[in-house]
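# Geometric and topological summary
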Amino acid sequence: MTELTNLGVKAIRDGVAGGDFTAREVAEAFNAAVAEAAELNAFIVTTPDHALAAADATDAKRAKGEDLGTMGGVPIGMKDLFATRGVQTTAASHILEGFTPEYESTVSQNLWDAGAGMLGKLNLDQFAMGSSNETSYFGNVASPWKKQGTNAAMSPGGSSGGSSSAVAARIAPAATGTDTGGSIRQPAAFTGICGIKPTYGRCSRWGVVAFASSLDQAGPMARSVEDCAIMLEAMAGFDPKDATSLKMEVPAWEAGLSADLKGKTIGIPKEYRMDGTDEEILKSWEQGKEWLRDAGAEIVDISLPHTKYALPAYYIVAPAEASSNLARYDGVRYGLRDLPDGAGLQDMYAATRAAGFGDEVKRRILIGTYVLSAGFYDAYYTQAQKIRTLVAQDYEQAWGECDAILAPTTPTASFPLGSLDKDPLTMYLNDVYAVPASLAGLPAMSVPAMLNGEGLPLGLQIVGKPFDEQGVLNAGLAIQQRAGFEAQPEKWW
Amino acid sequence: MSVTREEVAKIASLARIKMGDAELDTMVPELNNILEWVEQLGEVDCSGVEPMTAVIPNSLRLRDDVVDAIPETGGGRREDVLANAPAAEHGFFGVPKVIE
Ligand SMILES: NC(=O)CC[C@H](N)C(=O)O
């Protein structure tokens, strides 16, 4: 029999629907794989019963001949940034430890409605701030990959590092991620899987712990482009509870998949050759052009002149929004309370927040508070929002010349845990290629291209026009078919 | 622009985060590194550029003007709202005394 944990979303869904195996068998296989993989530290809590209950519901529907849903019988991992009713939701922070929502996020509810079940809540960088999964209160997540000939634990990327690690290790067929400035794409690239961030507003933010509200978007992480299309279709949709939700039909992305790119033009931004980018990454980019050309696309050079300013602008806008969003954690309504003896209300706030937030989160809150403070607001925040307009205009210009953009996802492959965490700025540079699309709200995807000379995965990024997830997925599919990325990490956990 | 230790202490107090001397010592150079790096935005000529307000054009909707149009965000959910409070008392959030 096929090893069930090697199957992806589509294979599981179709296999369950076709009676090749039951949803319960699938859930049991993944529950067991999750239980064995504690060393990866990918999950903060596991929910085997949730997965089993959803599986039994799917099996019962099948027995009655009912529709199983587009994710029927597929157990997934849920990033612990999504509120899940009755299941602890922490954003990997101490301040939310023990928080058990009375409500369900729209995206997770959509997935359950489509027939999916939950294996557990996945670890992440605290409040989704980080690029290596080293800022979680619940410990680092290890990538299943190792650099050839070494035994050091490698970073799965961040902030969706539990998601990327679990999917790459085949302890989950797919997982949710969120992407504020690269947190779906960079971890996907580091672990040899796919991940797509849709157009801002496609997926409801209701019930997702907020980091930077004008940037946050949810999306799927899985091992194939098809699986991402299926899962994104289930996650997306208009939600009256989110004021920025797009009131648009969800396209039939799965049915619309086509790797034939004839008549399409792909832009290659000349500014994406920054110092510090690995030679091998640049080579994979060249290879990516060949693959897309082979699929029928025309390749043209384009310019996105403000690329270099996107990252510093992001590090004003995102912390500013974070400092405002995180003001809600005050020890009054939910989460941790630290009330020193004889303390008043203000002391309680300050003590609670000091004890409840990690160092990176504090750094962001302080930066955000500073750039929004009287006297500095215009110099920092307004200037950054102007730069953001310029970055978005760069793309609008580019759409006059191309249908989608091909770029590297990251400047380097994964690095050992503990190697960059002393220097916040160097860590931020991980997202230099991911952040521009976030600032412009555009759909963007990472697909695995190849292994580098050290046996570590490299990803390629496709950025599309607003609402053109289909174009992004199709270019991703063309790369997937030509890259033939089949490499798997060797099991050590 | 760079920030002094006193300024960082002030920002931390505005942000309601208690910080000890050791923490301030590490935070000051870290924040200055980041601020120095974002300074480069000053190079860009932004005259005549509008700051971004909405990343994807979208219009603000009005919800139906009825009570509890969306039950999850409507009223009558006191128990749910208080369920995770560190100190819920008599159906309210409990806090230390604020009036002497
Ligand atoms: N959530 C994210 O997309 C995080 C992006 C980036 N790594 C940051 O730390 O802010």
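Residues numbered from 1 in each chain as written. Chains lettered and ligands numbered in written order. Predicted model: local features only at pLDDT ≥ 70, side-chain atom pairs only at ≥ 80, totals over all residues. Heavy atoms only, no water.

### Regarding the interface of chain A and chain B
Where interface size is quoted, it is often the accessible area lost as the parts come together. Residue-level contacts link 73 residues of chain A with 50 residues of chain B. The tally of links between chain A and chain B comes to four salt bridges. Between E43(B) and K308(A) there is a salt bridge, and its shortest N-O distance comes to 3.7 Å. When contributions to the side of chain A that touches chain B are tallied by element, the ones reaching two or more residues are α9 (307-325), α10 (345-356), α11 (359-371), α12 (377-398) and α13 (424-428) of chain A. (Contact = heavy atoms within 4.5 Å. Salt bridge = Lys/Arg side-chain N within 4 Å of Asp/Glu carboxyl O. Helix = DSSP H or I, 4+ residues; strand = E, 2+ residues; numbered from the N terminus.)

### Regarding the site of the ligand
Residues and elements named next belong to chain A. Not every one of the 15 residues close to the ligand is listed here, only the nearest: G181, S183, Y314, R364 and D431. In the model, a nitrogen atom of the ligand is placed 3.5 Å from a nitrogen or oxygen of the S159 side chain. Protein chains bury 100% of the 290 Å² of accessible surface belonging to the ligand in isolation. (Near = heavy atom within 4 Å. Polar contact = N/O pair within 3.5 Å; in protein donor to acceptor, adjacent residues only side chain to side chain. Areas by Shrake-Rupley, 256 points an atom, 1.4 Å probe, with all protein chains shown as cover.)

### Some words on the side chain of T352(A)
Residues and elements named next belong to chain A. Here T352 lies in helix α10. At 2.9 Å, the side chain of T352 and the backbone nitrogen of D338 are in polar contact. Not counting chain neighbours up to four residues away, the residues in contact with T352 comprise I95, D330, G331, L336, R337 and D338.

### Some details on the pattern of salt bridges
Residue and element names in this part refer to chain A. One pass over the full model with this rule turns up 29 salt bridges over all chains. One salt bridge connects E469 with R202, and the closest N-O pair in it is separated by 3.1 Å. Of this pair, E469 sits in helix α15 (residues 469-483) while R202 sits in the loop between β5 (194-197) and β6 (217-222), and the two are 267 residues apart along the sequence. E469 sits in the buried class, given a relative accessible area of 0%. Salt bridges sharing common partners tie together K10, R13, D14 and E254. (Buried < 20%, exposed > 50% of the residue type's maximum accessible area, 1.4 Å probe, protein only.)

### Points about the packing of aromatic side chains
Residues and elements named next belong to chain A. Under the criterion given, the structure shown has 19 aromatic pairs over all chains. Measuring from centroid to centroid gives 5.9 Å for F127 and F357, while their planes differ by 70 degrees, and the two rings are edge-to-face. Of the two residues, F127 sits in the loop between β3 (117-122) and α5 (161-168) while F357 sits in the loop between α10 and α11, which places them 230 residues apart along the sequence. Neither F127 nor F357 differs from the other in exposure class; each is buried. Relative to Y315, the ring of Y314 has its centre 4.9 Å away and its plane inclined at 80 degrees; by these criteria the two rings are edge-to-face. On the basis of relative accessibility, which here comes to 4%, the residue Y314 falls in the buried class. In this structure Y315 comes out as buried when scored by relative accessible area, which is 4%. Put simply, the rings of F99, F127, Y329, Y334 and F357 pair up and form one aromatic cluster. The lysine or arginine in question, K146, covers the ring of W492, its NZ or CZ lying 4.0 Å from the ring centre. Across the ring face of W206, the terminal group of K241 is positioned such that the distance to the ring centre comes to 4.7 Å. (Phe/Tyr/Trp six-rings, centres within 6.5 Å; stacked < 30°, edge-to-face > 60°. Lys NZ or Arg CZ within 6 Å of the ring centre and 35° of its normal.)

### Some remarks on the environment of P240(A)
Of note, P240(A) is situated in the loop between α7 (225-235) and β7 (265-269). Sequence separation between P240(A) and F99(A) is 141 residues; the distance between their C-alpha atoms is 25 Å. Apart from the residues lying within four places of it in its own chain, the contact partners of P240(A) are R61(B) and I70(B).

### A look at the nonpolar core
Residue and element names in this part refer to chain A. Core analysis: the biggest nonpolar cluster contains 185 residues, and M71, I76, L111, F127, I171, L292 and Y395 have the highest contact counts within it. A per-element tally of this core places α9 first, with 11 residues. Excluding anything up to four places from it in sequence, Y395 contacts Y272, L304, I405, P436, A437, A440, L442 and V463. (Core = buried A, V, L, I, M, F, W, Y, C linked by side-chain atoms within 4.5 Å.)

### Section: the side chain of S245(A)
Within the fold, S245(A) resides in the loop between α7 and β7. When sequence neighbours within four positions are dropped, the list of residues in contact with S245(A) reads G201(A), G237(A), F238(A), D239(A), N58(B) and R61(B).

### With respect to the confidence of the model for chain B
A residue-level look at chain B finds 99% of positions with pLDDT of 70 or above and a mean pLDDT of 93. Confidence estimates for the predicted assembly give a pTM of 0.98 and an ipTM of 0.96. (pLDDT = per-residue confidence, 0-100.)

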